[in-house]
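Structural overview
Below, each chain spelled out in residue letters.
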Amino acid sequence: MGRLMDILLGRTRPVAPDLDRLFALPSAAVTLQAAASLTPTGQGAVCFATVEGAAFEQVHREVRALLDADADRRGAPVELERDDYGYSWLVSRRSPDELPQLVNDLHAVNSSMEANGFGPQLLCSLVGFQDSGGDRRLALVYLYKRGTFYPFAPLPGGSGQRQRDNALELQAKAALADDLRVEQDLGRWFPLWGAPGL
C-alpha cells in the first residue's frame, strides 16, 4: 500500500547507496585517459557533514587501523581535513598507479562510516585526475545518496574567480557513459571548490 501511495502522490524514494559502484573507477580511468589524456593523481576523499564526539573518533580510529593494515602503504592511511564550508573529508593518498587500492580505501571509509550509523552524514566521494602538465584537473565524484557519478573540472584561476571547465566535464560525461552510472541531472553536479584530493 505504501508503494502505491508513493506512486499516486508522485513521491520518489531515495536510491539506496551502492558503494560497489566505486569499483568501476579503474576501468573508467582507462576510458578517461584515452578520451581526455587525464590520469589519476593518487588522491581521493570521502566528504561528510561534520560530526563531532567520541563515536566519530572511534570510527576514525577504526578506519585508520583498517587502512594501516595494508603493509604496502607508505605514509598516513587517511587524514581528516575540514574545508572552508564546514564539511569534513577523510583523505587517502596513494601512488598514481595504485587506483584500485585507492578505491578500496574509499570503499572501506564509506562502509565503516555506514556500518557505524554515520550513513546519513555521507555526502560524496571523489577521485582526482589531471593531465601530464597538471594544468587540467578533474574529479570523478560519487554522490552517496544518489548512487551516481559526475565529473567536476575546476579551471585554474589567477583572478580569484572560480570557474569550471564545462567542456571537459561534458566530454568526460560522454566518454564515461558506458563505464559509470553518470548523474543525468546537471543541477546535481555540485562544485567542490577547494576539495582535498583534487
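Now for a description of the structure that goes with this document. (Residues numbered from 1 in each chain as written. Predicted model: local features only at pLDDT ≥ 70, side-chain atom pairs only at ≥ 80, totals over all residues. Heavy atoms only, no water.)

1. Some points on the packing of aromatic side chains
Scanning all chains against the criterion turns up three aromatic pairs. Pairing Y142 with F149 gives two aromatic rings, centres 5.0 Å apart and planes at 55°, and the pair type is tilted. Here the two residues Y142 and F149 agree in accessibility, since each one is buried. (Phe/Tyr/Trp six-rings, centres within 6.5 Å; stacked < 30°, edge-to-face > 60°. Buried < 20%, exposed > 50% of the residue type's maximum accessible area, 1.4 Å probe, protein only.)

2. Here's the deal with the pattern of salt bridges
In the structure shown here, the tally under the stated rule is eight salt bridges. Of the charged contacts in the structure, one is a salt bridge between R21 and D18, with a shortest N-O distance of 3.8 Å. A salt bridge links R136 to D131; the nearest nitrogen and oxygen atoms lie 3.7 Å apart. Judged by relative accessible area, R136 falls into the partly exposed class, the value being 27%. Judged by its relative accessible area of 14%, D131 falls in the buried class. Put simply, E79, E81 and R93 are held in one network by salt bridges that share partners. (Salt bridge = Lys/Arg side-chain N within 4 Å of Asp/Glu carboxyl O.)

3. Remarks on the environment of Q33
The topology assignment puts Q33 in helix α2 (residues 25-36). Judged by relative accessible area, which is 44%, Q33 ranks as partly exposed. Separated by 139 residues in sequence, Q33 and A172 have C-alpha atoms that sit 10.0 Å apart. Ignoring anything within four residues of it in the chain, the contact list for Q33 reads L38 and T39. (Helix = DSSP H or I, 4+ residues; strand = E, 2+ residues; numbered from the N terminus. Contact = heavy atoms within 4.5 Å.)

Scope: geometric values only; no functional claims are made or implied.
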